[in-house]
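Residue strings, one per chain:
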Amino acid sequence: HLGSIERPLRIMDQWTYHNRLYRAASFVSGMPNLELVQLTSFGCGLDAVTADQVDEILRAKSRMYTLIKIDEGSNLGAVRIRIRSLIAAVKARERRNLRLPVKSSAYRRQVFSKEMRYTHTILAPQMSPIHFRILQQAFRAAGYNFVILDAVDPAAVETGLKYVNNDACYPSILVAGQMIAALQSGKYDLNKVSLMITQTGGGCRATNYIGFIRRALADAGLSHIPVISLSAQGFEQNPGFKITFKLLDAALKAVIIGDLLMRCLYRVRPYEAEPGSADRLLEKWSTVAERAMGHMGVFRYHQIIRGIVRDFDRLPLLPVKKPRVGVVGEILVKFHPTANNQIVETIEREGAECVMPDLADFLFYSFSTGIFRHEELAFPKKTERNARLFVWLLERYRTCMKRCLRKSRRFEAPTLIYKLMKGVDDIVQTGNIMGEGWFLTAEMVELIRDGVSSIACVQPFACLPNHVTGKGMIKELRRRYPDANIAAIDYDPGSSEVNQLNRLKLLLSNAPVGRHPDEGADGMIHVPGGGVVEPELRHAEGGMAFGDTEPVNASDMPVAD
Ligand code: SF4
């Protein structure tokens, strides 16, 4: 009974209920005696995607679109006024008897052609500066003029808020904002530039960032700019861009080297004897990896991995023990320094060590979802087999890294995804595969088991999946692991930096000191090259501030009314 949609739509039509919504809008747009009112609930993230699309379907036929947000605080008087205004507008339209323009609501996307491959600069959003610096080189080596946008771009959030539906989750605002801000910066020839964005294929909005970006481009008068979708499933085809084995191989090596650099850097930098020495090693090895991209055979790849571990293992460190604080959460907020207000820098400045689980683990998690799909959702056996095959293949890329880390004095190797899965199977169902899903809980469990009991769980405000498997799991984790000291910190364009900092400081003030990279089983620091030193314990800035140093006298307490 519903209308048929003029395809393709600008967004990815991936949700059943919302497909009915688009069909309803198509139906209404062809019926002069019908109007459409969409009711949304505050905080329902999908509506940020669907509302814009319904608006476009109706607008193409010069029809009005009315959106009413309902939540428990909504004032019905305001709703009544909106409905009355709609009725008044309908009557005015009838009185004037105008013939309004009608066009197709189908979206014609700009395709990235073969010629563009040689003439266009491709801009991609920043996420993790350590990884993406090397990843950029992997794409360049494959023949693309590829640019990752700057790590810290103050204009990104403002621009995102201007061009993206403000009910969208923070990462989508930031990603689209980065891109539009770069295009408006005057740095690029707008006739020779394209954008690239990933489409995860998951159930939440991450598959629809591309739709947000296209809408933002249209609103900024830049709809001629092609947006290339990067997805394992191949959602969209562009003749000028192809994921070849060479590109994939280089990109995976870049991610693993990035993970290794991040793991080693964060483990030693807070203790470095000479300020800046750890960052110098990062710079040295990032440059080596960048130069090797494109012709990095297995031998060179392993050579670089061994070199990184060796150098960071020998860096002179101070014999001080500091608190170790894990950072987990939504992938962009976790890694992007603008999105998380420089969380790593803040933790280190406050006198603690940041422990950030690897980026590759997210890929392992994404691949492994096929296991649940087969076991519980009746997907064919092939889905599970492929999932295990991808996990196995990806593990080949980090075999050498794991071996070197296990042999090292200071570092620990990452954990196999199946072990992470096992660690949470009685806490959260592994069917939670939207956003970071069960993997977020698993990262927290793994950190606690590794002795990092203080954890900042960072999430974008309005990110529903991560509020369930991140924030929503904290109570249970505290019950199971009474020492767990977990703080959920929300990030969004409007949240105050002071609030985030206060939550982080509170977390740090309760964080016990952790294991020093050179600490032996005897609790002493075993200096590389010989010598045993007793460690100095150093709490984070403000640590123990909540200790009861001045007990309050009961007689001084205010009397309750
Ligand atoms: S996981 Fe959260 S932040 Fe990421 S796209 Fe989904 S809703 Fe947005």
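Residues numbered from 1 in each chain as written. Predicted model: local features only at pLDDT ≥ 70, side-chain atom pairs only at ≥ 80, totals over all residues. Heavy atoms only, no water.

Q: Explanation requested: helix 5 (residues 129-141) in the structure shown.
A: A turn of α-helix holds 3.6 residues, and therefore any two residues three or four places apart point the same way. With 13 residues, helix 5 extends 18 Å between its outermost C-alpha atoms, agreeing within 8% with the 18 Å of an ideal straight helix rising 1.5 Å per residue. Looking only at helix 5, the buried set comprises Ile130, His131, Phe132, Ile134, Leu135, Gln136, Gln137, Ala138 and Phe139. Buried residues in helix 5 make contact with strand 4 (145-148), strand 5 (193-198), strand 6 (227-230), helix 9 (245-268), helix 10 (277-292) and helix 12 (331-335). (Helix = DSSP H or I, 4+ residues; strand = E, 2+ residues; numbered from the N terminus. Expected span 1.5 Å × (residues − 1). Buried < 20%, exposed > 50% of the residue type's maximum accessible area, 1.4 Å probe, protein only. Contact = heavy atoms within 4.5 Å.)

Q: When you look at the sheet that holds strand 11 (residues 485-491) in this model, what are you seeing that I'm missing?
A: One key point about sheets: their strands pair by backbone hydrogen bonds, in either a parallel or an antiparallel sense. Pairing within the open sheet is parallel, and its four strands lie in the order 9-8-10-11. Because the sheet does not close on itself, it has two edges, and the strands there are strand 9 (353-355) and strand 11. Strand after strand, the sheet turns through a mean of 25° between neighbouring axes, direction not considered. Pairing geometry for strand 8 (residues 324-329) and strand 9, over three bridges, is parallel. Within strand 9, the residue paired with Val325 across the bridge is Cys354. Helix 21 (residues 497-509) rests against strand 8, strand 10 (454-460) and strand 11 of the sheet, and its axis sits at about 170° to strand 11. (Pairing = 2+ DSSP bridges. Axes fitted to C-alpha atoms, helices over the stretch in contact; angles between N-to-C directions.)

Q: Mind showing me how you'd approach the pairing of strand 3 (residues 121-124) here?
A: One face of the sheet, then the other: side chains in a regular strand alternate in exactly this way. The alternating pattern of strand 3 places Thr121 and Leu123 and Ile122 and Ala124 on opposite faces, both of which are buried. Two strands pair when backbone bridges link them, and strand 3 and strand 5 are joined in this way by three bridges, in the parallel orientation. Looking at the pairing, Thr121 lines up with Val193 of strand 5.

Q: Looking at this model, I keep getting lost on the sheet that holds strand 3. Mind explaining?
A: Pairing is parallel in the open sheet, where four strands are placed in the order 4-3-5-6. Looking at the sheet topology across the chains shown, the edges are occupied by strand 4 and strand 6. Sheet twist, expressed as the mean angle between neighbouring strand axes with direction ignored, is 30°. With four bridges joining them, strand 3 and strand 4 adopt parallel strand pairing.

Just distances and angles here, no functional claims.
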